[in-house]
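Geometric and topological summary
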Amino acid sequence: MQLIDLDSSNMSEAVAATAEAARRGDLILFPTDTVYGLGGMAFSKRVLEKLRRIKPERGGKPTAVLIDNIIRMSQCGGDVPGQRLVALAETFWPGPLTMVWKASNAIPAEFQTTDHSLGYRVPNHPFLLELLRELETPMWATSANLPGHPAPRIYSEIKEAVLNACDLVIQTKEFLTGKASTVVDVRGREPLIIRESGVKESDIRKIWKNA
């Protein structure tokens, strides 16, 4: 396991090393704007197999793909997001909002949910945003916790079993918010709130109505 202690002085070097690891198919632990996350290059069979060892109860499938802009969402979805989706993205991204939208038929079924959807989010974290821009491709992300345990907000809360399963660990002294992203299904005529957390349902509905 490789460990990088991230701070403002080594951001560029950390991004470069993490991008190289992601392209190899490594499993990476990293801070986000909400909690510590686990992931790697999206739609990688190698990463999926490694995640399954930590979270077998969900088949290891990540809960979201992290992207750097709405264009990536369009590429993964195989369609152009409508005006309401663009309005939500312009208001809440980067930030704690995950939009459940369609997944392109070009993405193998094993990497999708049973209803052919994916959750998309632009994280509000400088390291992750720089990494996503460097990669120019989405990353998978799920919280860095064992089943039945809370998602870690600080590095010391991460279980040793999780750390040992990773190829690269990005450590930071940050105290993360610990507040998960709000998850909203935007495929229908009205937004369907799956989980309310970082963004209020009332704010989502207001933007949706006025878009």
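Just so it is clear, the structure is predicted and the values come from calculations on it, not from any experiment.

1. A short note on the overall build of the protein chain
- In terms of helices and strands, the protein chain carries 7 helices and 10 strands.
- By the compact-globule yardstick of 17 Å for 211 residues, the protein chain fits well, its C-alpha radius of gyration being 16 Å.
- Taking the principal axes of its C-alpha atoms as reference, the protein chain extends roughly 45 × 35 × 35 Å.
- Here the protein chain, with 211 residues, has 51% of them falling under the buried criterion.
- For the protein chain, contacts bridging at least 24 residues in sequence account for 64% of all contacts bridging at least 6.

2. Comments concerning the sheet that holds strand β9 (residues 182-185)
- Spatially, 10 strands are ordered β1-β8-β2-β3-β7-β4-β6-β5-β9-β10 in an open sheet, and the strand pairing comes out mixed. With one partner strand each, in any of the chains shown, β1 (2-5) and β10 (192-195) form the two edges of the open sheet. The sheet shows a mean angle of 30 degrees between the axes of neighbouring strands, taken without regard to direction.
- Sheet analysis places strand β2 (residues 28-31) next to strand β8 (residues 168-171), joined by 2 bridges and oriented parallel. Bridge pairing in β8 places L29 opposite V169.

3. Some thoughts on the pairing of strand β3 (residues 36-41)
- Burial analysis of β3 places 6 of its 6 residues in the buried class, the great majority of the element.
- Pairing analysis gives 4 bridges linking β2 to β3, with the strands arranged antiparallel. If you follow L29 over to β3, its bridge partner there is L38.
- The turn joining β2 and β3, which pair antiparallel and follow one another in sequence, is formed by 4 residues.
- Bridge count between β3 and strand β7 (residues 139-143): 5 bridges; the pairing is antiparallel. Looking at β7, one finds that G37 is bridged to S143.

4. Some remarks on the packing of aromatic side chains
- For the coordinates displayed, the defined rule picks out 5 aromatic pairs.
- Centroid distance F43 to F111: 6.2 Å. Interplanar angle 45 degrees. Geometry classified as tilted. With F43 in the loop between β3 and α2 (45-54) and F111 in the loop between β5 (97-102) and β6 (117-121), this residue pair connects regions lying 68 residues apart in the sequence.
- Here the aromatic cluster, defined as three or more aromatic residues joined through ring pairs, consists of F43, F111 and W140.

5. Here's the deal with the nonpolar core
- Membership of the largest hydrophobic core comes to 43 residues, with the highest contact counts inside it found for L29, W93, L97, M99 and Y120.
- Counting residues in hydrophobic clusters, the runner-up holds 20 residues, among them L6, V15, L131 and I170.

6. Observations regarding the packing of helix α1 (residues 11-24) against helix α5 (residues 126-135)
- Their axes nearest at 9 Å, the elements α1 and α5 cross at an angle of 50 degrees. Classed by the angle they form, the pair α1 and α5 counts as oblique. Between α1 and α5 lies a crossing of right-handed hand. Where α1 approaches α5, its residues M11, A14, V15, T18, A19, A22 and R23 are matched on the opposing element by P126, F127, E130, L131, E134 and L135.

7. Concerning the environment of A17
- Mapped onto the elements, A17 comes out in helix α1.
- Separated by 80 residues in the primary sequence, A17 and L97 place their C-alpha atoms 28 Å from one another.
- Apart from the residues lying within four places of it in its own chain, the contact partners of A17 are I4 and L168.

Criteria and thresholds
- Residues numbered from 1 in each chain as written.
- Predicted model: local features only at pLDDT ≥ 70, side-chain atom pairs only at ≥ 80, totals over all residues.
- Heavy atoms only, no water.
- Helix = DSSP H or I, 4+ residues; strand = E, 2+ residues; numbered from the N terminus.
- Rg over C-alpha atoms; globule rule 2.2 N^0.38 Å.
- Buried < 20%, exposed > 50% of the residue type's maximum accessible area, 1.4 Å probe, protein only.
- Contact = heavy atoms within 4.5 Å.
- Pairing = 2+ DSSP bridges.
- Axes fitted to C-alpha atoms, helices over the stretch in contact; angles between N-to-C directions.
- Phe/Tyr/Trp six-rings, centres within 6.5 Å; stacked < 30°, edge-to-face > 60°.
- Core = buried A, V, L, I, M, F, W, Y, C linked by side-chain atoms within 4.5 Å.
- Parallel < 35°, antiparallel > 145°, perpendicular 65-115°, else oblique.
- Left-handed = near helix turned anticlockwise from the far one by under 90°.

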